Amino acid sequence: MLCFKMLPPLAAHWFLEQRSRDGLSAMSGTLPHFLQEPDDAYIVKSNPIKLRCRARPALQIFFKCNGEWVHQNQHTSLEHTELGTGLKIREVMINVSRQQVEDFHGPEDYWCLCVAWSHLGTSKSRKATVRIAYLRKNFEQEPQGMEVPINGMIVLHCRPPEGVPAAEVEWLKNEELVSSLEDLNIDTRADHNLIINEARLSDSGNYTCLASNIVARRRSATATVIVFVNGGWSSWTDWSECNVRCGRGVQKRTRTCTNPAPLNGGAFCEGMSVQKSTCTSPCPVDGGWAEWTMWSVCSSECERQRTRECTDPEPKHGGRLCDGAALDTDNCTGDLCIQADMESSNDVALYSGLAAGLVTVVVLIIAVTLYRRNQSEYGVDVIDSSALTGGFQSFSFKSARQGNPLLMNSSMQPDLTVSRTYTGPICYPDSMEKELIPEPALFDPLPDLKVKVHSSFMVSLGVSERAEYHAKAPSQTFPRGVVQEIGGGGGTLGGRGKSQLAPIQPALVSSMMTGKRPLRTSGVFGHGGGRLVVPNAGVSLLVPHGAIEEDTTWELYVSITHALSDEGQEILLSPEVTYGPPGLTLSCPVALTVAHCADVSSEDWNIKLKRQTQDNSWEDVMTVEEESTSCYCLLDTQCCHLLVERPGCYALVGEALTQAAGKRLRLAAFGNMEPNFLNYSIRVYCVDDMPHAFQEVVSVERSRGGRLLEEPKTLLFRANSFSLQVSIQDIPQFLWSIKPFTTCQEFSFSQVWCSSQSPLQCAFSLERYSPAANQLSCKISVRQVKGHEQILQVYTTIAENEKDTVPFFTQSDCTITSQTGSRAFKIPLSIRQRICATFDTANAKGKDWQLLAQKLHIDRNLGYFACQTSPSAVILSLWEAQHQERGDLDSLASALEEISKVQSKHSTSVDTLDPKDCGYAFAIVCFREGKQKLKQPKC
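Just so we're clear, the structure is a prediction, and the values are computed from it rather than from any experiment.

Parameters and conventions
- Residues numbered from 1 in each chain as written.
- Predicted model: local features only at pLDDT ≥ 70, side-chain atom pairs only at ≥ 80, totals over all residues.
- Heavy atoms only, no water.
- Helix = DSSP H or I, 4+ residues; strand = E, 2+ residues; numbered from the N terminus.
- Buried < 20%, exposed > 50% of the residue type's maximum accessible area, 1.4 Å probe, protein only.
- Areas by Shrake-Rupley, 256 points an atom, 1.4 Å probe, with all protein chains shown as cover.
- Disulfide = S-S within 2.5 Å.
- Pairing = 2+ DSSP bridges.
- pLDDT = per-residue confidence, 0-100.
- Contact = heavy atoms within 4.5 Å.
- Axes fitted to C-alpha atoms, helices over the stretch in contact; angles between N-to-C directions.
- Expected span 1.5 Å × (residues − 1).
- Polar contact = N/O pair within 3.5 Å; in protein donor to acceptor, adjacent residues only side chain to side chain.
- Core = buried A, V, L, I, M, F, W, Y, C linked by side-chain atoms within 4.5 Å.
- Parallel < 35°, antiparallel > 145°, perpendicular 65-115°, else oblique.
- Nonpolar A, V, L, I, M, F, W, Y, C, P; charged D, E, K, R; others polar.
- Patch = residues over 30% accessible without salt bridge, like charges linked within 9 Å, V, L, I, M, F, W, Y side chains within 5 Å.
- Salt bridge = Lys/Arg side-chain N within 4 Å of Asp/Glu carboxyl O.
- Phe/Tyr/Trp six-rings, centres within 6.5 Å; stacked < 30°, edge-to-face > 60°.
- Lys NZ or Arg CZ within 6 Å of the ring centre and 35° of its normal.

**Some points on the overall build of the protein chain**
- Scanning the protein chain for helices and strands turns up 14 helices and 53 strands.
- For the protein chain, with 939 residues in total, the buried portion stands at 41%.
- As displayed, the protein chain offers around 51000 Å² of accessible surface, 51% of which is attributable to carbon and sulfur atoms.

Listed below in structure tokens is the structure:
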């Protein structure tokens, strides 16, 4: 039965008319069947949506929304009869607007359904919901960048913004769509997350989560994924040969962090790259002869023979063979073969006489030739004292005040008058070199020339109160056969003793005369010892008192060379320093001080000392931390102090054990106007923080006329494989301009890390808009990516005429290169001898050299000092080298007083000390009073 209350009024009226028209035949029909039901719909922005219903057989269809009938005028109906069955098919549509949905405030979403009528009854369709579509802007969870080891799993989380309908998620890698269908290693199905099961190097990139629905599309923040490779050790190499030919030695093997090498910031290999092991080499056994055999039967030649073998013992392990013959012959016939023997003896005598005469003639010819050649070369006998009176003209001059050679330039001209005698160390500033000593006066052999220097010490010749030089002046060389007696009173040329002088290279003399900072310096030293310094290079040589035998002098030299290049994982950390001459014999080690650029504040380095061999290869002498009896190495913050006895070329090399290892760089900025007077050039240098490296930069800028724009600064550069960036900032925009894309320049890691051979330079060219702009201020930033940064602040005045500007190096540093005798040492000789006498011999109170080394903080590798004749003297030489710049005796005096307090409790008077401690106490009093000569206390 139909319920008329369910129908809208017009529908009920229409239904009654149809029923009365068709009669009871209509009762035999079927219920309506929906061919199309309304679907869920979303309203996008303000566009209405259409809901459709289609049913068969259907006399009428009406929509009902939210429980209320939709008015008949809002329906759009279409009707046709199905040909096969004759049944009526009706389709109805309605529009739903955004306003209708927003005005509905029911407990559920806005909904609509269809009701269809037939003769038999009604049918209802499914409910279709209508919702307003949207997509919010902010993601509920964005992907985060990550660093993943190779073959690790990558999981990027993404929760899209809230939206209706729910947003679909896609992933982009470097703006390209990621498809899990094309790459089975990628899974994008799990809760919108991106999962890469095994990370590959190619998976590094920028990933973006993309969310979209029918309304909008949203992009997440980019997540950077880095797939890194941790370093792995290669296989160990074979063990090297034992480093000694006989006895107990050391052999080593190495490995490299190349299997694989660290990549994309991966960790450096942990552990040591060098492994050492003790080894024993069999000592060579020289061969020895066994007993002679019995004489053989006499032969037809009237001879008998006997033999012996080299078997007692046999030569082994490279031992020498037996000296002498293994076969012995003898005449065995009495007088029967005497005539033949005499004839043979006469022949031998004849031939021997002829050979001796021929050799005598050849020797005479050679001797005459050498004598004539020698006379033509020298012209005069160098022993003749009358020939030693020419070659130099007397000169004297005042010492000019030295200004600061960096930044501040002295405008005071040197006083070139000759009214007073110069009484300081001989050195010639650049600005007055040609006026003081013209080159013809130095090198032309003028007659009867003399140099008289009244000085407390002579450069490269030792201590003397008054020294007079008479010398012949060959071109570009110093006099040969110079002998100097070094003692407390004075020194003269032509004194007693043997002379061991090596010739000075002409290049060195030339560089000294032209004002260039030489890379080689030399001096003559005797029994009193002394100090040799390479100017502005951080390199010096300390020759202790007594190292050279009495009545003997040697000409020692120190030079800086460039023979060693960076190899493999090892880089050069110091200059290659050579001291000699090669045939030098010493009774105790010398102290060689060499500057280095390593950051030794942490244990991230494996630093070695290398020495050049005769075939120009390099051999390991020792590592800094190992115990050695052949060499001693004391590593300070900026210098390395070496105790060596063997002359040669030495250098420090280092291998970074971790990425925290670092070396110091010195940064400097120079500038000058370009020829067009509109462009200003700024050059930034990055060199290893060693004095000699910076002097090379100074020499280059000297030729360019550059000026130092800011005090040089230091930057710590780490071994983390990241590059160095140099950029210029804060340029006055309305006064100066710079070419686009040139404000930042970059050096690769390998360029900086292995930059020991040549300085790194980058240049910035600035153009001023008007010649009136004479002020320039800017900042230069030098930074290592993911490392330290240093700022150079530039503020300078631009001069219109370059002649008005004074370069920063107008005056060179006046540096003493050589000191000999007592003036070269901080500790007076008498005090030094008393300290050695006290500590070299152990006593009951424990005051031996080991306690002295401990208090002076030189308590490592004590086995080296134990092998020395006077351990205390070697310790004091090392202390002298370590404190040569400060020249402060307080630390030594404090150490001696501390030892005194420990051993002599509550003792305040030196007059009551044990006689064994008298010299020791005398040293303390001398240091405490600050005097070099003090009356010795009573013991």
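**So, the state of the cysteines**
- All told, the structure shown has seven disulfides when counted by the stated rule.
- The partner cysteine of cysteine 53 in its disulfide is cysteine 114, sulfur to sulfur 1.5 Å. Here the S-S torsion is close to 90°, and the disulfide linking cysteine 53 with cysteine 114 is therefore right-handed. Remark: cysteine 114 occurs in strand β8 (residues 110-117) and cysteine 53 occurs in strand β3 (residues 49-56); sequence separation between them is 61 residues. This pair shows no difference in class: cysteine 53 is buried, exactly as cysteine 114 is.

**Thoughts on the pairing of strand β47 (residues 724-729)**
- By the bridge criterion, four bridges tie β47 to strand β49 (residues 744-747) in an arrangement that is antiparallel. Across the sheet, residue leucine 724 finds its bridge partner in β49, namely phenylalanine 747.
- Where β47 lies against strand β51 (residues 775-784), six bridges are found, and the strand directions are antiparallel. By the bridge assignment, serine 727 is partnered in β51 with serine 781.

**A few points about the confidence of the model for the protein chain**
- Summary statistics for the protein chain give a mean pLDDT of 75 and a share of 72% for residues scoring 70 or more.
- Ignoring residues within four places in sequence, the model shows residues 802-814, a span with pLDDT below 50, making 44 contacts including any to other chains.
- Low pLDDT, under 50, characterises residues 906-919; the predicted model gives this stretch 18 contacts beyond four residues in sequence or across chains.

**Looking at the sheet that holds strand β40 (residues 632-635)**
- Read across the open sheet, the six strands follow the order β40-β41-β37-β33-β32-β53; overall the sheet is antiparallel. Each edge of the sheet is formed by a strand with only one pairing partner; in this case those strands are β40 and β53 (818-820). Within the sheet, the average angular offset between the axes of one strand and its neighbour, ignoring direction, is 10°.
- Summarising the sheet, strand β32 (residues 530-534) and β53 pair through three bridges and their orientation is antiparallel. In the strand pairing of β53, leucine 532 is matched with serine 818.

**Quick look at helix α7 (residues 691-704)**
- Taking 1.5 Å per residue as the helical rise, α7 with its 14 residues ought to reach 20 Å, and the 20 Å between its terminal C-alpha atoms agrees with that figure.
- Buried residues in α7 make contact with β34 (552-561), β43 (662-673) and β44 (679-688).
- The positive-phi residue at the C-terminal boundary of α7 is glycine 705, with phi of around 75°.

**Structural notes on the side chain of asparagine 672**
- Within the secondary structure layout, asparagine 672 lies in strand β43.
- A polar contact is formed between the side chain of asparagine 672 and the side chain of arginine 683, at a distance of 2.8 Å.
- Ignoring any residue separated from it by four or fewer positions in sequence, one finds asparagine 672 in contact with Tyr680, Ser681, Arg683, Arg704, Gly705 and Gly706.

**Considerations on the nonpolar core**
- Core analysis: the largest hydrophobic core is formed by 73 residues, its most contacted members being Leu541, Tyr579, Trp605, Ile682, Leu724, Ile780 and Val782.
- Excluding its chain neighbours within four sequence positions, the residues that come into contact with valine 782 are Leu667, Val684, Cys686, Leu715, Leu724, Gln725, Val726, His788, Glu789 and Gln790.
- Counting 31 residues, the second-largest nonpolar core is a separate cluster that includes Ile827, Leu856, Leu878 and Ala895.

**Describing the environment of arginine 217**
- For arginine 217, the position within the fold is in strand β20 (residues 217-219).
- Overall, arginine 217 belongs to the exposed group, its relative accessible area being 56%.
- Taking C-alpha positions, arginine 217 is 9.4 Å from glutamate 168, a pair spaced 49 residues apart along the chain.

**Quick look at the packing of helix α9 (residues 829-839) against helix α12 (residues 871-882)**
- Viewed as axis vectors pointing N to C, α9 and α12 meet at an angle of 135°, and their least axial separation amounts to 9 Å. Judged on the interaxial angle alone, α12 and α9 are oblique. Taken together, the residues of α12 that come into contact with α9 (itself represented by Arg832, Ile835, Cys836 and Phe839) are Ser872, Ala873, Leu876, Ser877 and Glu880.
- Here the contact of α9 with α12 is built from residues that sort into five nonpolar, two polar and two charged.

**Some points on the pairing of strand β21 (residues 223-228)**
- Pairing of strand β12 (residues 146-149) with β21, which is carried by four bridges, proceeds in the parallel orientation. Bridge pairing in β21 links proline 149 to phenylalanine 228.
- Sheet topology places strand β19 (residues 205-212) next to β21; three bridges connect them, and they run antiparallel. For asparagine 206, the partnering residue across the bridge sits in β21 and is threonine 224.

**Describing a nonpolar patch on the surface**
- There is a patch of nonpolar side chains on the surface, built from Leu358, Val362, Ile366 and Leu370 and spanning about 390 Å² of accessible area.
- Structurally, isoleucine 366 can be placed in helix α3 (residues 338-378).

**Details of the packing of aromatic side chains**
- Following the criterion strictly, the structure yields 13 aromatic pairs and no others.
- Site record: aromatic cluster; members linked through ring pairs are Trp605, Phe717, Phe749 and Trp753.
- Lying over the aromatic face of tryptophan 111, lysine 127 brings its terminal NZ or CZ to 4.1 Å of the ring centre.
- For arginine 308, the ring lying beneath its charged end belongs to tryptophan 289, and the centroid distance is 4.3 Å.

**Remarks on the sheet that holds β3**
- If you walk across this open sheet you meet the four strands as β1-β3-β7-β6, and the pairing is antiparallel. Both edges of this open sheet fall to β1 (33-36) and β6 (76-81), since each of them pairs with a single strand only. Pairs of neighbouring strands in the sheet enclose a mean axial angle of 25°, with direction left out of account.
- Pairing between β6 and strand β7 (residues 88-96): six bridges, direction antiparallel. Note on β7: the bridge partner recorded for serine 77 is valine 92.

**Some thoughts on the side chain of threonine 838**
- Note that threonine 838 resides in helix α9.
- Exposure remark for threonine 838: the relative accessible area of 6% places this residue in the buried category.
- A distance of 2.9 Å separates a polar side-chain atom of threonine 838 from the backbone oxygen of arginine 834.

**Comments concerning unusual backbone geometry**
- Cis rather than trans, the peptide bond between valine 164 and proline 165 has omega equal to -5°.
- On the secondary structure map, proline 165 appears in the loop between β14 (163-164) and β15 (168-173).
- That bond from glycine 580 to proline 581 is cis: its omega, 20°, falls within 30 degrees of zero.
- Relative to the assigned elements, proline 581 resides in the loop between β36 (576-580) and β37 (590-595).

**Comments concerning the pattern of salt bridges**
- In the structure shown here, the tally under the stated rule is 30 salt bridges.
- Among the ionic pairs, arginine 200 bridges to aspartate 203, the shortest N-O distance being 3.0 Å.
- The shortest N-O distance in the salt bridge between arginine 531 and glutamate 880 comes to 3.7 Å. With arginine 531 in strand β32 and glutamate 880 in helix α12, this residue pair connects regions lying 349 residues apart in the sequence.

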